[in-house]
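Spelled out from the first residue to the last, the chains are:
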Amino acid sequence: MAKILFVLTGATYWTLKDGTRYATGYWAEEFAAPYKAVTEAGHQVVVATPGGVTPMVDMMSLRPEMAGSARIALDLEAVIRSAEEIRRPIQLADARLEDYDAVYFPGGHGPMEDLCGDADAGRLLTAALASGKPLAVVCHAPAALLATRIHGVSPFAGYRVTAFTNDEEDAVGLASRARWLLEDELKELGVEFVRGEMWKPFTVVDRNLYTGQNPASAAALAERLLEVLP
C-alpha cells in the first residue's frame, strides 16, 4: 500500500484582471476520479492545503453540463462526501515528502490564486521532482510550478509538461479576463509545453513527472500513477 499526498488549493476565488473575484476552488473530477481510483486500489490518501484550510469544491464542476451528465455529477459528489481526508487536511507547510510515496496536485482555477505563489508548494514540488517519486499535476495545478523559481530559474525547465491550454481558457470565456494565462507562464518558465485536443484526455510523462491537460485527463493520469505506485 502506498501513501499519496494530495495537495489542494485553499482558494475560494480567483482574482481577475479587473479585480473581480471569480468563485472557484478545486475541480470535482480532478479530486474525485483519482481519489476513487487510488483508494479502491488500496492506497492511502492524505490531503494538504495552504494553512490547512478545508478545500472548497468549485460548484460549477458539479453542474451536470460540466460533469458530463446528472449521474456523473451525483457520483462525483458522492465520492467527495465520502472522502473524510478532505475535511481534515494537514497544513502544506507541515507536509514532509519522506512520509509519502507519491504526490498529486489536482486543479480547478484555485491554484491560479494561491499555489502559483506558495513557497511551501514550490519547495515540495522541487523536492518531489528531485526525489524520483511519482509527481502528478493536472489541469490548472501546474500553476504551482511557478512557485519553484529561484532567481527566475525552475528545476522544471526542460521537462515536457501539459496543462490547461489558452484555447480551453478562451472557450470557457476567461482568457480575456485573466491576469495571466497558464500556458504562457509555463512556456516562460522554460518547460516544453505539449498539448492534445481540447477537452480530450491527454497525459504526458517525463521521467517522474506526470501531467494532464484538463479535467478529462485526471482519471487517465491516475491510471498512469497506479502503474508505478509500490
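Before reading further, recall that the structure is shown in the block above.
Residues numbered from 1 in each chain as written. Predicted model: local features only at pLDDT ≥ 70, side-chain atom pairs only at ≥ 80, totals over all residues. Heavy atoms only, no water.

Enquirer: I keep staring at the state of the cysteines and nothing clicks. Help me out?
Expert: In protein structure, a disulfide is the covalent linkage between the sulfur atoms of two cysteines. Scanning the model with the defined rule gives zero disulfides in all. Left unpaired, C116 is separated from the closest cysteine sulfur, that of C139, by 15 Å. (Disulfide = S-S within 2.5 Å.)

Enquirer: How should the environment of D118 be read in this particular structure?
Expert: Within the element layout of this structure, D118 appears in the loop between β6 (102–105) and α4 (119–131). Take D118: its relative accessible area is 14%, and that puts it in the buried class. Separated by 44 residues in the primary sequence, D118 and T162 have C-alpha atoms spaced 20 Å apart. Residues within four places of D118 in sequence aside, it is in contact with P50, L92 and A147. From its side chain, D118 meets the backbone nitrogen of D120 in a polar contact 2.9 Å long. (Helix = DSSP H or I, 4+ residues; strand = E, 2+ residues; numbered from the N terminus. Buried < 20%, exposed > 50% of the residue type's maximum accessible area, 1.4 Å probe, protein only. Contact = heavy atoms within 4.5 Å. Polar contact = N/O pair within 3.5 Å; in protein donor to acceptor, adjacent residues only side chain to side chain.)

Enquirer: Help me understand the packing of helix α1 (residues 28–40) against helix α3 (residues 70–82) in this model?
Expert: If you want to describe how two helices pack, look at the angle between their axes and the distance between the axes. Contact pair α1 / α3: the axes reach a minimum separation of 9 Å and the direction vectors enclose 70 degrees. By the criterion of interaxial angle, the relationship of α1 to α3 is roughly perpendicular. As for the relative orientation of α1 and α3, their crossing is left-handed in sense. Contacts between α1 and α3 involve A28, E29, F31, A32, Y35 and K36 on the former and, on the latter, L76, V79, I80 and S82. (Axes fitted to C-alpha atoms, helices over the stretch in contact; angles between N-to-C directions. Parallel < 35°, antiparallel > 145°, perpendicular 65-115°, else oblique. Left-handed = near helix turned anticlockwise from the far one by under 90°.)

Enquirer: What exactly am I supposed to notice about unusual backbone geometry here?
Expert: Residue H151 is not a glycine yet carries a positive backbone phi of 55 degrees. You can see H151 is positioned in the loop between β7 (135–138) and β8 (160–161). If you check the backbone angles, R207 has positive phi at about 55 degrees while not being a glycine. Residue position: R207 is located in the loop between β10 (203–206) and β11 (209–212). Overall, the relative accessible area of 54% leaves R207 in the exposed class.

Enquirer: Help me understand the nonpolar core in this model?
Expert: As a rule of thumb, nonpolar side chains are buried together in soluble globular proteins. Of all hydrophobic cores here, the largest spans 42 residues; its most connected members are L5, V103, F105, L135 and L186. Elements that contribute at least two residues to this core include exactly β1 (3–7), β4 (44–49), β6, α4, β7 and α6 (182–189). In terms of residues, this core owes the most to one element, α4, which gives five residues. Residues contacting F105, with those up to four places away along its chain left out, are V7, L115, A121, L124, L125, L135, A136, V137, V138, A141 and A144. (Core = buried A, V, L, I, M, F, W, Y, C linked by side-chain atoms within 4.5 Å.)

Enquirer: What's the story with the side chain of T15 in this structure? I'm lost.
Expert: Residue position: T15 is located in strand β2 (residues 13–15). Look at T15 and you get buried, because its relative accessible area is 18%. In this view, T15 contacts T20, E113 and R179; residues no more than four positions away in its chain are not counted.

Enquirer: Looking at this structure, I do not really get a nonpolar patch on the surface. What am I missing?
Expert: On the surface, V172, M198 and W199 cluster together to form a nonpolar patch covering roughly 240 Å² of accessible area. Within the fold, V172 resides in the loop between α5 (166–171) and α6. (Patch = residues over 30% accessible without salt bridge, like charges linked within 9 Å, V, L, I, M, F, W, Y side chains within 5 Å. Areas by Shrake-Rupley, 256 points an atom, 1.4 Å probe, with all protein chains shown as cover. Salt bridge = Lys/Arg side-chain N within 4 Å of Asp/Glu carboxyl O.)

Enquirer: Help me understand the sheet that holds strand β5 (residues 90–91), please; the structure alone is not making it clear to me.
Expert: By way of backbone hydrogen bonds, the strands of a sheet pair with one another, either parallel or antiparallel. As summarised here, the arrangement of the seven strands in space is β5-β4-β1-β6-β7-β11-β10, forming an open sheet in which the pairing is mixed. Each edge of the sheet is formed by a strand with only one pairing partner; in this case those strands are β5 and β10. Pairing of β6 with β7, which is carried by three bridges, proceeds in the parallel orientation. If you follow F105 over to β7, its bridge partner there is V137. Packed on one face of the sheet, α1 meets β1, β4, β6 and β7 and runs near 175 degrees to β1. (Pairing = 2+ DSSP bridges.)

Enquirer: Explain the pairing of β10 to me, please; I cannot follow it from the model alone.
Expert: Summarising the sheet, β10 and β11 pair through four bridges and their orientation is antiparallel. Bridge pairing links T203 to G212 in β11. Connecting the antiparallel pair β10 and β11 is a turn made up of two residues, with R207 showing a positive phi of about 55 degrees.

Geometric values such as these leave the question of function open.
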